[in-house]
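Close look at the chain arrangement
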Amino acid sequence: MLELKNIHKSFQKNEVLKGVNLKVEKGDVVVILGPSGSGKTTLLRSITFLERADKGEIRLGDLVLDAEKAGKKEIHQIRKKTGFVFQNYCLFQNKTALENVTEGLIIGRKIPKAEAVRIAKEALDKVGLSDRYDYYPSQLSGGQQQRVGIARAIAVQPEVILFDEPTSALDPELVSGILAIMKQLAKEGSTMIIVTHEMTFAQDVATRVVFMDGGEVVEEGTPREIFSHPKEERTRQFLSRFISDSDYVI
């Protein structure tokens, strides 16, 4: 369904992605783990050209894009097939929750306003904000703002939803609500790629776990393979902060 081939990205002399390959099938929940600076977010952003990769190929369904040379039309096509949930919400501060969700439907998808409002309300209802349509971001908690972000992503009925550390900016007590929504999306068969440090969530929900370090995929496998008996020493080192040695199955 989605395939990344040989993705490279540098910021000046800093090579952030070093030929990353990733394949995601329909219905997969792929969780990307790794230390800060490993290239996780850059990889996610390169899929929708929020960052343009220097080299590589991106395939999504019948779309095949040269990461370096793709034009505006091709980029628009791939963005129409994806939803992106940002770490820091990225909401329009001068628009209500409902308007934040309808904006992309009306402007980006050319959906008539009445239909866009209906779709947006359904999405906000799904994330538990049926009583917050007319609230501005400043009137919402961090968790509620992130729920708006998720509603905005699912409203466009994307083929794949990308989550960039969706709980990292939240107070601890708000994290579980967001993870519950994501778990429900997974149960419903949504295809998702999730950058996160929520290890329990990764073990419970992921169909595949990818560990990145230094701009490369070090190891990937099922949650049991990665968390119970990782093959690479670097993976074991990273996970040792979260799982005691006694939890490993050798």
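As a reminder, the structure under discussion sits directly above these lines.
Before going further, it helps to spend a moment on the sheet that holds strand β1 (residues 2-11). Spatial strand order, β2-β1-β4-β5: four strands in an open sheet with antiparallel pairing. Pairing within the sheet leaves two strands with one partner each, and these edge strands are β2 (14-24) and β5 (63-66). This sheet shows a mean twist of 15 degrees between the axes of neighbouring strands, independent of strand direction. Pairing of β1 with strand β4 (residues 55-60) involves five bridges; the strand directions are antiparallel. Bridging from a neighbouring strand, E3 pairs with R59 of β4. Lying over the sheet, helix α1 (residues 40-47) contacts β1, β2 and β4, oriented at roughly 120 degrees with respect to β1.

Right, let's get into the side chain of D28. With respect to the helices, strands and loops of the structure, D28 is situated in the loop between β2 and β3 (29-33). Of the polar contacts made by the side chain of D28, one reaches the backbone nitrogen of E25; its length is 2.9 Å. If we ignore the near neighbours within four places in the chain, the residues touching D28 are S190, T191, M192, T207 and R208.

Empty space within the largest pocket amounts to approximately 640 Å³. Around the largest pocket, the lining comprises 21 residues; the ones closest to its centre are R79, T82, F84, G104 and R152. Contributions of two or more residues to the lining of the largest pocket are made by α2 (72-80), β6 (82-85), α3 (97-108) and α5 (142-155). Among the elements that line the lining of the largest pocket, the one with the most residues is α3, at six residues. Considering only residue class, the lining of the largest pocket consists of nine nonpolar, seven polar and five charged. Of the voids in this model, the second largest pocket is the one considered here, and its volume is about 310 Å³. Around the second largest pocket, the lining is made up of 16 residues, and of these I154, A155, Q157, P158 and S190 lie nearest the centre. Secondary-structure elements contributing two or more residues to the lining of the second largest pocket are α4 (113-126) and α5. Looking at the lining of the second largest pocket, the element that brings in the most residues is α4, giving four residues.

Rules used in this analysis
- Residues numbered from 1 in each chain as written.
- Predicted model: local features only at pLDDT ≥ 70, side-chain atom pairs only at ≥ 80, totals over all residues.
- Heavy atoms only, no water.
- Pairing = 2+ DSSP bridges.
- Helix = DSSP H or I, 4+ residues; strand = E, 2+ residues; numbered from the N terminus.
- Axes fitted to C-alpha atoms, helices over the stretch in contact; angles between N-to-C directions.
- Contact = heavy atoms within 4.5 Å.
- Polar contact = N/O pair within 3.5 Å; in protein donor to acceptor, adjacent residues only side chain to side chain.
- 1 Å grid on protein atoms, 1.4 Å probe; cavity = no way out; pocket = protein on both sides within 12 Å on 5 of 7 lines; lining within 4 Å.
- Points joined across faces, edges and corners; volume = space filled by probe spheres on them.
- Nonpolar A, V, L, I, M, F, W, Y, C, P; charged D, E, K, R; others polar.

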